[in-house]
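Structural features, examined
Each chain is listed here by its residues.
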Amino acid sequence: MSVVELLSDYTIQNVVAGAALLGLVSGVLGTFAVLRQQSLLGDTMSHAALPGVCLGFIIAGTREIGSILLGALATGALAALVMLLLTRMSRLKTDAGLGITLSVFFAMGVVLLTHIQGMNNASQGGLDAFLFGQAAATLRSDLWIMGGITAVALALVAALWKEFKLVSFDPEFATSLGMPVAWLEVLLTVMVALAVVVGLQMVGVVLMAAMIIAPAVAARQWSRRLEDMVLLAALIGVAGGIFGALLSALSRGLATGPLIILSVSSVVLVSLTLAPERGFLWEALRRVRARRRLRYQQVLTTLYRLAVHHADPVYRSEQGMLDTYHGLRTRAVLSQLERRGLVEWQASPPGEPGPARRWVLTSAGIDEAERVLDALGREDA
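Residues numbered from 1 in each chain as written. Predicted model: local features only at pLDDT ≥ 70, side-chain atom pairs only at ≥ 80, totals over all residues. Heavy atoms only, no water.

- As recorded in an unreviewed UniProt entry, the protein goes by Metal ABC transporter permease and comes from Halomonas pelophila.

With respect to the packing of aromatic side chains
- This model, assessed by the stated rule, comprises three aromatic pairs.
- Each ring, one from Phe32 and one from Trp161, has its centre 6.1 Å from the other, and the planes form 80°; the classification is edge-to-face. One end of the pair, Phe32, is in helix H2 (residues 10-35); the other, Trp161, is in helix H7 (residues 161-169), with 129 residues separating them in the sequence.
- Looking at Phe32, the relative accessible area reads 1%, which means it is buried.
- For the pair Phe32 and Phe164, a centre-to-centre distance of 5.9 Å together with 65° between the ring planes defines the contact as edge-to-face. Taken together, the residues span a long stretch of sequence, with Phe32 in helix H2 and Phe164 in helix H7 at a distance of 132 residues.
- Since its relative accessible area comes to 0%, Phe164 is described here as buried.
- Between the NZ or CZ atom of Arg331 and the centre of the ring of Trp345, over which it lies, the distance is 5.0 Å. (Phe/Tyr/Trp six-rings, centres within 6.5 Å; stacked < 30°, edge-to-face > 60°. Helix = DSSP H or I, 4+ residues; strand = E, 2+ residues; numbered from the N terminus. Buried < 20%, exposed > 50% of the residue type's maximum accessible area, 1.4 Å probe, protein only. Lys NZ or Arg CZ within 6 Å of the ring centre and 35° of its normal.)

Thoughts on the pattern of salt bridges
- The final tally for this structure, using the stated rule, is nine salt bridges.
- Among the salt bridges present, the one from Arg225 reaches Asp228, with a minimum N-O distance of 3.4 Å.
- Since its relative accessible area comes to 48%, Arg225 is described here as partly exposed.
- Shared partners join several salt bridges into a network, and the residues in it are Lys165, Arg225, Glu227 and Asp228. (Salt bridge = Lys/Arg side-chain N within 4 Å of Asp/Glu carboxyl O.)

The structure is reproduced here in C-alpha cells:
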C-alpha cells in the first residue's frame, strides 16, 4: 500500500487522529502527574475506569461510546477522590492510597465484566476490548468526543497555568498565598481521568498508564523549564501515537495500542540514555572523568607531600616508589601531568644511586597540589 493510499484509508485516518489526540492530552497532563511524584496515578485512573465502562454499558444497554466514556470518567474521578481522601484523612502515603484504590476499583470492574458476560445481551461482544484497546473500531463520531475532551483538558491547563505550576512545585507556598490547593489537586487528578477516557478506545485500561507517564518522563530528560517540558511531552506523545498507529497499519496483524506504547517507550529509552547531562551515557562519562581526575590529584599530592617531607621543593621521586605506594602503574598518569606542565621527568644528579631519571614537581605543579589540598581541607572542615 502506498503512502497516499494509506493516508486515504478511512479507518487509518481515524486511528491516526485518535492516537494524536491521545498523545497530546497524555503528554500535557502526564507532566503534572510526574512532577507531583504521582506516576502511579495514571495506572490507578486507567484501572478504575473499567467499572465505569461496565456501568456505562449496563445503563445504556449497548456499546454506545458516549455512555461508556462518561461512565469511565465518573469512576475515574471517583477513584481520584477516594485516593485523595485516603491520603489526607489517614496516615497512608500516596503510593499506598493509589495501590489500594487501583486494586479495589479494578476488582469491581472485573466483577461487573463477568456479570455482563452472563447477560443475554448480544451487544456485549467485544466489551473486554477496552482492557487492551481496539483502535481499529474508532469512528469519526468517537473522534469528536475525544477531541472535545482533549480541548476541555487543554483549556483548563491554559486557564489555570500559574496555579497548576505553583501547586506542582511548591504546594505549601501556594497555600500561604491563599490558593485553594486541595481543590486544585483534585482538579489535576480528575483531569488525568480525562486523559484516561481519551485513551480507552486506543490503548485500553492496562496500557494507558504508560501513555500517561512515558512522554513526560522522556521530556523531563531534555528540559529544565515547565513550559518546555509540557510542550516537548505533547510533541513526543503525538509523534509516538502517530508512528505507532502507522506502524500498525503497515504491519498487518499487530495491535495498535501496544505499538503506540512501544513507540513512546523507545523515546524514553533514548532520552534516558543520551539526554545531555542527565542520560546514562553522560553519567558514565562523568564518572570516568571524575575517577581520572581523582587519580591525577592523588599522584600530584603524593609528589607534593614527599617534597614537603624532605623539605625539598624539587625532590626527585622514583617511578617504582610511586607505583608501589599507589598499588598500580602511575606512568600514564604522570605522563598526562607532564603534558599539563605540572611535573617534569628529570635526570638524576651524577653519582646519585637509583634510577637515572625521576619525577619532579614544577612550580605550576606545586601551586596545583596546594590548591587541591586546600580544597580537600575545606571539605573536611
